[in-house]
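Structural overview
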Amino acid sequence: MVKTFQAYLPNCHRTYSCIHCRAHLANHDELISKSFQGSQGRAYLFNSVVNVGCGPAEERVLLTGLHAVADIYCECCKTTLGWKYEHAFESSQKYKEGKYIIELAHMIKENGWD
């Protein structure tokens, strides 16, 4: 059995956390866009995330065309959060490769959003 260790982002930065278990997911500085749509509503695109596991990649037709994506989940509570773009088949969508979508339904803002 492998024990995973939870990553903690610095308290001095605005962060996004898992709404279900409060594990840190991303620093606000890693946010690329708020203009995405997930299966459960609005979603954000991040450059990098922490405390997230990745499932196997599969091809899906999304709003912007065919992509190879892998579902991502919270390493702490195992809730599916969104997906990772593994490959974009259209050249205009290549900027998404290696980036992460997290649905707003699964995250909360913490640390200094007032």
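Residues numbered from 1 in each chain as written. Predicted model: local features only at pLDDT ≥ 70, side-chain atom pairs only at ≥ 80, totals over all residues. Heavy atoms only, no water.

An unreviewed UniProt entry annotates the protein as Protein yippee-like of Gryllus longicercus. The record held by UniProt for the protein lists under Sequence similarities (unreviewed entry) the comment "Belongs to the yippee family." (UniProt positions renumbered as here; feature names shortened; annotations may be inferred.)

It is worth spelling out the overall build of the protein at this point. Looking only at helices and strands, the protein has 0 helices and 9 strands in total. Taken over the C-alpha trace, the protein has a radius of gyration of 14 Å; the compact-globule value for 114 residues is 13 Å, and the two agree within 12%. Projecting the C-alpha coordinates of the protein onto the three principal axes gives extents of approximately 40 × 40 × 20 Å. Looking at the protein residue by residue over its 114 residues, the buried ones come to 42%. Considering only contacts in the protein between residues 6 or more positions apart, those separated by 24 or more positions represent 47%. Of the roughly 6500 Å² of accessible surface on the protein, 50% is carried by carbon and sulfur atoms. (Helix = DSSP H or I, 4+ residues; strand = E, 2+ residues; numbered from the N terminus. Rg over C-alpha atoms; globule rule 2.2 N^0.38 Å. Buried < 20%, exposed > 50% of the residue type's maximum accessible area, 1.4 Å probe, protein only. Contact = heavy atoms within 4.5 Å. Areas by Shrake-Rupley, 256 points an atom, 1.4 Å probe, with all protein chains shown as cover.)

Side-chain pairing between opposite charges can occur once the charged atoms of the two side chains come close. Enumeration according to the criterion identifies 5 salt bridges in this entry. Among the ionic pairs, Lys-78 bridges to Glu-75, the shortest N-O distance being 3.5 Å. When its relative accessible area of 24% is taken as the criterion, Glu-75 is described as partly exposed. One salt-bridge network, held together by shared partners, links Glu-58, Arg-60 and Asp-71. (Salt bridge = Lys/Arg side-chain N within 4 Å of Asp/Glu carboxyl O.)

With that settled, the discussion passes to the sheet that holds strand β6 (residues 65-74). Spatially, the 6 strands line up as an open sheet ordered β3-β4-β8-β7-β6-β5, and their pairing is antiparallel. Only two strands of the sheet have a single neighbouring strand rather than two, namely β3 (31-38) and β5 (52-62). This sheet shows a mean twist of 30° between the axes of neighbouring strands, independent of strand direction. In the sheet, β3 pairs with strand β4 (residues 41-46) via 5 bridges, with the strands oriented antiparallel. Considered in β4, the bridge of Gly-38 is made with Gly-41. (Pairing = 2+ DSSP bridges. Axes fitted to C-alpha atoms, helices over the stretch in contact; angles between N-to-C directions.)

The backbone of Asn-51 sits at a positive phi, close to 55°, despite the residue not being glycine. Its place among the elements puts Asn-51 in the loop between β4 and β5. Residue classification places Asn-51 among the buried residues on the basis of a relative accessible area of 10%.

A separate point is the sheet that holds strand β2 (residues 24-27). Overall, antiparallel pairing links the 3 strands, which are arranged β2-β1-β9 in an open sheet. In this open sheet, the two edge strands, each paired with only one partner strand, are β2 and β9 (107-110). Averaged over all neighbouring strand pairs, the angle between strand axes comes to 30°, with direction disregarded. By the bridge criterion, 3 bridges tie strand β1 (residues 15-18) to β2 in an arrangement that is antiparallel. Across the sheet, the residue bridging to Ser-17 is His-24, located in β2.

Turning next to the UniProt feature "domain: Yippee" (unreviewed entry) in the protein. Under the UniProt annotation, "domain: Yippee" (unreviewed entry) lies at residues 14-111. Helix makes up 0% of residues 14-111 and strand 61%, with an end-to-end C-alpha separation of 5 Å.

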